Amino acid sequence: MKKIVGIIAAAALAASAFAEINISSWNRAVFTPFHYDGDTLRSMTGPSWGVSNGGQTRSGLSFGASTENAGIAIDVHAENFGPGDNANVWVKPVDMLSVKIGLIDNNWGRLDHCFGTWDYARFNWGDAYLGEGLGDIVRKKGRGAEITLQPVEGLVIDYEANFKNDNHTYEVMWEESSTMIGYKADFGFIRAIINGETARAYGDATDTSPAASIALAADITAVENLVLKFGVKVPTYLQNEDAYVNGVAAVDYNLDALALHANAVLNVLPKKFEDKKATLGNIGAAFGVGLDYAFTDAWKLVSEFRFKTWTKKNDVDKSDIKLEDPAFGAYVGLQQQLSNATFAFGAQFGKRSMTAAKADDFTFAVPLTITASF
């Protein structure tokens with residue numbers, strides 16, 4: 001027995017000589033003691049992206065090990081003892097090439113613009129209007145394989161194939177695929193993202209053709225303290241009933257203690273649907289502005305205002321589709337910075353913008369948020 005223990009100890013010691021092993025934890029908990037939904041005063045809890053009646057908060061563990069040419073990444077969501085965003089293994093056969101297989105949380109190239117309530121109790125409009133994947137400029141990800149090629153400094157070609165509904169090669173390799181071609185330099189990061197899509201019908205429902213969505217995005221950082229972000233997403237199936245085009249502009253500007261944020265998302269959606277073909281023409285838009293002010297190293301003011309021109313699409317009569325019911329939301333609060341955590345509290349209100357809100361009623365809430373990393 002002593003010999004076996006000695007062998008295991010020696011193996012572990014030898015492994016530590018060339019492998020880097022890491023364990024970390026990220027946690028997010030929101031408690032809203034007062035949430036008026038337009039009819040009833042309620043209490044809610046959850047993570048930022050899912051505050052609800054008794055929602056589970058996030059308690060996450062991440063495990064990783066790596067050498068120069070191989071590694072693993074494993075996430076566990078301890079609140080439900082289930083798999084997290086990653087469970088994969090990777091190798092680097094040569095310096096310019098890496099191959100990853102498993103569950104992959106691949107967001108490389110996604111257009112993000114997160115401020116205000118993104119780290120607290122988020123407004124209920126979805127990521128495409130609030131932060132991650134702004135304008136629906138995202139990567140497809142999941143369980144599959146990722147191949148990354150970086151032939152010269154700054155240039156990256158990243159392809160991922162994913163399993164979803166079926167294991168038909170065409171679905172895995174194209175319909176659930178995501179390809180990003182990008183270039184990073186001193187001025188910023190520009191890229192194109194091509195996401196395969198399910199074949200779409202044009203006219204006759206039995207007549208389907210291959211489809212994709214194509215996005216161009218740029219993060220421009222050439223001016224000190226200023227970040228500009230732009231993006232556009234266009235599907236190849238513009239005559240299809242669910243076709244839409246998104247355009248995005250965003251800005252962050254830091255002036256010592258003061259930080260300013262603003263973004264806008266413009267949608268071009270179907271206006272008519274006749275003879276089994278859609279005609280674009282409905283214009284929808286969402287706007288957001290935010291202001292942060294750091295009073296001290298520990299305390300800062302966080303504020304945000306959002307407006308969306310439509311939250312409901314009335315397409316009962318598809319020959320004349322209408323966008324209806326605009327929405328707004330606002331937040332103001334304080335955040336305390338601790339050694340490895342933040343504690344935030346504030347008040348938010350809105351119409352058609354918050355969790356569990358009645359359709360046409362004014363809603364308010366008082367969320368408390370803890371975020372801790374280890």
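Keep in mind that what you see is a predicted model, and the values were worked out from it rather than measured. Along each chain, the written sequence defines residue order, and numbers are assigned to residues from 1. Totals for whole chains, interfaces and linings use every residue, but because this is a predicted model, local features are given only for residues with pLDDT of at least 70 and side-chain atom pairs only at 80 or more, for both listing and counting. Computation of side-chain values: all heavy atoms of the structure, hydrogens and water removed.

Turning to the side chain of D75, a few remarks are in order. Only DSSP runs of H or I reaching four residues or more are called helices, and only runs of E reaching two or more are called strands; each is numbered from the N terminus. Mapping D75 onto the fold places it in strand β4 (residues 70–77). The cut-offs for exposure are 20% and 50% of the maximum accessible area for each residue type, with area from a 1.4 Å probe on protein chains only; residues under the lower value are buried, those over the upper are exposed, and the others partly exposed. Neither His nor the chain ends is counted toward charge; the positive residues are Lys and Arg and the negative residues Asp and Glu. The term salt bridge refers to a side-chain nitrogen of Lys or Arg lying within 4 Å of a carboxyl oxygen of Asp or Glu. Buried charge D75 goes without a salt bridge, the closest partner of opposite sign being R58 at 8.2 Å. Residues within four places of D75 in sequence aside, it is in contact with L61, S62, P83, G84, D85 and N86. Residue contacts are counted whenever heavy atoms from the two residues lie within 4.5 Å of one another.

This part is about the environment of T32. Among the structural elements, T32 can be located in strand β1 (residues 20–36). Residue T32 is classed as buried on the basis of its relative accessible area of 2%. T32 sits 19 residues away from V51 along the chain, and the two C-alpha atoms are 8.3 Å apart. If we skip the residues at most four places from it in the chain, T32 touches R42, S43, M44, V51, A365, V366 and P367.

A word on the environment of L338. Tracing the backbone shows L338 in the loop between β19 (327–337) and β20 (341–351). For the pair L338 and A372, spaced 34 residues apart in sequence, the C-alpha to C-alpha distance is 9.1 Å.

With that settled, consider the environment of N246. Secondary-structure assignment places N246 in strand β13 (residues 245–255). Classification of N246 as buried rests on a relative accessible area of 3%. Along the chain, N246 and K233 lie 13 residues apart, while their C-alpha atoms are 5.1 Å from each other. In this structure, N246 is in contact with G135, D136, G231, V232, K233, L266 and N267, ignoring residues within four places of it in sequence. For this analysis, a polar contact is any N or O atom pair within 3.5 Å, provided that within protein one partner can donate a hydrogen and the other can accept it, and provided that sequence-adjacent residues contribute only side-chain to side-chain pairs. Within the structure, the side chain of N246 is placed 2.8 Å from the backbone oxygen of G135, a separation counted as a polar contact.

To continue, consider the pairing of β4. On a regular strand, one side chain projects to one face of the sheet and the next to the other, so that they alternate. Two elements, strand β3 (residues 58–66) and β4, share 7 bridges in a ladder whose sense is antiparallel. Within the sheet, the bridge partner assigned to L61 lies in β4 and is V76. Between β3 and β4, which pair antiparallel one after the other, the connecting turn spans 3 residues. Strand pairing follows a simple DSSP-based rule, namely that at least 2 bridges must link the two strands. Pairing analysis gives 7 bridges linking β4 to strand β5 (residues 82–94), with the strands arranged antiparallel. Each bridged residue has a counterpart across the sheet, and for I72 the counterpart in β5 is V89.

Another aspect to go through is a negative patch on the surface. By definition, no residue in a patch forms a salt bridge, and every one has over 30% relative accessible area; like charges are joined within 9 Å, nonpolar side chains (Val, Leu, Ile, Met, Phe, Trp, Tyr) within 5 Å. Only the protein chains shown count as cover for residues, and all accessible areas are computed by the Shrake-Rupley method using a 1.4 Å probe. Lys charges are placed at NZ, Arg charges at CZ, Asp charges at CG and Glu charges at CD. A surface patch of like charges, here negative, comprises E274, D275, D317 and D320. Along the polypeptide, D320 turns up in the loop between β17 (312–314) and β18 (322–324).

Right, let's get into the pattern of salt bridges. Scanning the entire structure with this criterion turns up 16 salt bridges. The shortest N-O distance in the salt bridge between E176 and K140 comes to 3.9 Å. With E176 in the loop between α3 (169–175) and β9 (178–185) and K140 in the loop between α2 (127–130) and β7 (142–149), this residue pair connects regions lying 36 residues apart in the sequence. For the pair E176 and K140, one class covers both residues: buried. Three or more residues are tied together by salt bridges with common partners; here these are K140, E176, E197, R200 and D242.

A word on the nonpolar core. Nonpolar core, defined: a set of buried Ala, Val, Leu, Ile, Met, Phe, Trp, Tyr and Cys residues in which side-chain atoms within 4.5 Å join the residues together. Within the largest apolar cluster, 23 residues are counted, with the highest numbers of intra-cluster contacts made by Y129, I137 and V248. Those elements that provide at least two residues to this core are α2, β10 (188–201), β11 (208–220), β13 and β14 (258–274). When residues no more than four places from it in sequence are discounted, the contact partners of Y129 are L134, V265, N267, A286, R306, K308 and W310.

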